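Examining the three-dimensional arrangement
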Amino acid sequence: MAIGFCQSDQTIILDNAYASLDQRLGGTLQDVIQEADFQGKTGTSLIVRLAPHSPIRKLMLIGLGEADQLDGEILRRTAAAVARSARREKVNTLALHFPQWQSPSQTTQAIAEGVYLGLHQDHRFKSDPEAAKLAEYPQTVQLMGMEHQITSLNQADIISRGVILARELVNAPANIVSSLTLAETAQNLAATYGMGLKILDEADCRDLGMGAFLGVAQASDIPPKFIHLTYRPSTPACKKIAIIGKGLTFDSGGLNIKGAGSGIEMMKTDMSGAAAVFGAAQAIAQLHPKVEVHFIVAATENMISGNALHPGDILTASNGKTIEVNNTDAEGRLTLADALVYAEKLSVDAIVDLATLTGACIVALGETIAGIWSNDEALASQLTNAAATAGEKLWAMPLEEKYFDGLKSIVADMKNTGPRPGGAITAALFLKQFIDSTPWAHLDVAGPVWTDKEDGYNNPGGTGFAVRTLVQWVLDRSLDQA
Ligand code: BES
Ligand code: MN
Ligand code: ZN
């Protein structure tokens, strides 16, 4: 089944009107600020209705806090809040003027991302057309004083659409988005943006010895797809990298089935890593960095049937290592094992994987912070810096070798599941067994890929987490020496 994606209805216009705004208002702005003793504290605002004949109907002042504390994330979150309030009030044209952060281009990008992401709502599965009605507002958003920032506005548009693709892939349930849909999404991206695409079916995976991935897939009625999408720059690449996303379109737990209260009904989100990979791919292909990027997703679902993995089964991954599956619900790491081995064979300079891997990571870091594990300090700091620029939160976690003891198996090279304490760490240590020497980072994104409530520029549902970090990281690599 093909799936459509919502496009943003808003047009953002860059203009130079701000200089004359104060004059046009005949000093009203200053008066109002003084009269109300408006201090600009974070979270405060002031709304003024102007004379009926005024071309500006309403003026809103928003406190951004201390000037030296201003950053891109404050701009994004504030722009989203203002755009949403304009929507609620059915404003047609919203003009925004913000102080600058770092440079006009970074300011423009942050504000535009806030507007696009804050206003995006996913109405695809609602039957009531009224729900989509408000989406028209505001029709136009003007960024005042930013008339030269076309490139940054364009970049924000491209990146936000990537985030929205990821959000909508995550929101769609498992009866809509399957391994086949993910393969189709990759086909569309390859055709639209001129990327290379290889899709391996079950037999191809068998030939490559991907016993871990295929073990997870074996109880599903839907065939597994191993997806490898490639962006190649037109000029020689400075770097060659691989980005892998966990692509479980549903995780029932398998025979270690998820019980009541486990959140099994949310396990459509177990392909959020894959969604971020495709969102980033869509943006990267339009931004043309001088980096060769391999996007890899081992797509399947974790189901039960007469052909399901038995707890205790031993699988052989494509690097020859054997795994005792002591828990069929630790399936993500099995699919990633073969994807990591595949990525390393491409002789890339770095591998990053993103996965909704463990509930333990949510317990450790909460719902808005992702954990990062890496065998390479330089790579870890590149990603942490990119995340800081993008306003996404990563926290460095340890690859504590001693904890691998918890994965020791009597019968195989390792078990797939360790004891409960440190569950996110043993998951990362398991993945490490499938990396030989390439710089590698693992992001456990189980917490931040979904939100139940409005939060900054995120709306309830999939957040598209990690798309912006990945795009920023790749753009930064474009500046590296070859
Ligand atoms: N997809 C889950 C992890 C998850 C849990 C993501 C909750 C988002 C919210 C993963 O496959 C899983 O089931 N992990 C188990 C591992 C355990 C069996 C070692 C977990 O975290 O409980
Ligand atoms: Mn699981
Ligand atoms: Zn899972």
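Residues numbered from 1 in each chain as written. Chains lettered and ligands numbered in written order. Predicted model: local features only at pLDDT ≥ 70, side-chain atom pairs only at ≥ 80, totals over all residues. Heavy atoms only, no water.

1. A closer look at the coordination of the manganese ion (ligand 2)
- In this structure, D251 (OD), D329 (O), D329 (OD) and E331 (OE) serve as the protein donors to the manganese ion (ligand 2), at separations of 2.1 to 2.2 Å.
- Classification of the site at the manganese ion (ligand 2) as irregular follows from its six donor atoms and the range of 72 to 168° in their angles at the metal.
- On the primary sequence, the residues serving as donors to the manganese ion (ligand 2) are separated as D-x77-D-x1-E.
- Here the manganese ion (ligand 2) and the zinc ion (ligand 3) are spaced 3.2 Å apart, linked through D251, which binds each one. Taken as a pair, D251 in strand β8 (residues 239-251) and D329 in the loop between β11 (322-324) and α11 (332-344) lie far apart in primary sequence, 78 residues in all.
- Residue classification places D329 among the partly exposed positions, given a relative accessible area of 22%. (Donors = N, O, S within 2.8 Å, 3.2 Å for Na, K, Ca; no water. Tetrahedral: all angles 85-135°; square planar, octahedral: opposite > 155°, others 65-115°. Helix = DSSP H or I, 4+ residues; strand = E, 2+ residues; numbered from the N terminus. Buried < 20%, exposed > 50% of the residue type's maximum accessible area, 1.4 Å probe, protein only.)

2. Describing a nonpolar patch on the surface
- A cluster of nonpolar side chains, I47, M60 and I62, forms an exposed patch at the surface whose accessible area comes to about 230 Å².
- One can find M60 in strand β3 (residues 58-62). (Patch = residues over 30% accessible without salt bridge, like charges linked within 9 Å, V, L, I, M, F, W, Y side chains within 5 Å. Areas by Shrake-Rupley, 256 points an atom, 1.4 Å probe, with all protein chains shown as cover. Salt bridge = Lys/Arg side-chain N within 4 Å of Asp/Glu carboxyl O.)

3. Some details on unusual backbone geometry
- In this chain, Y137 is followed by P138 through a cis amide linkage whose omega measures -15°.
- Of note, P138 is situated in the loop between α5 (130-133) and β5 (140-144).
- In this structure, Q102 is a non-glycine residue whose phi angle is positive, near 60°.
- Positionally, Q102 belongs in the loop between β4 (93-96) and α4 (104-119).
- Although it is not a glycine, A466 adopts a positive phi angle of roughly 90°.
- Mapping A466 onto the fold places it in the loop between β18 (461-462) and α15 (467-477).
- Accessibility expressed as a relative area gives 2% for A466, which makes it buried.

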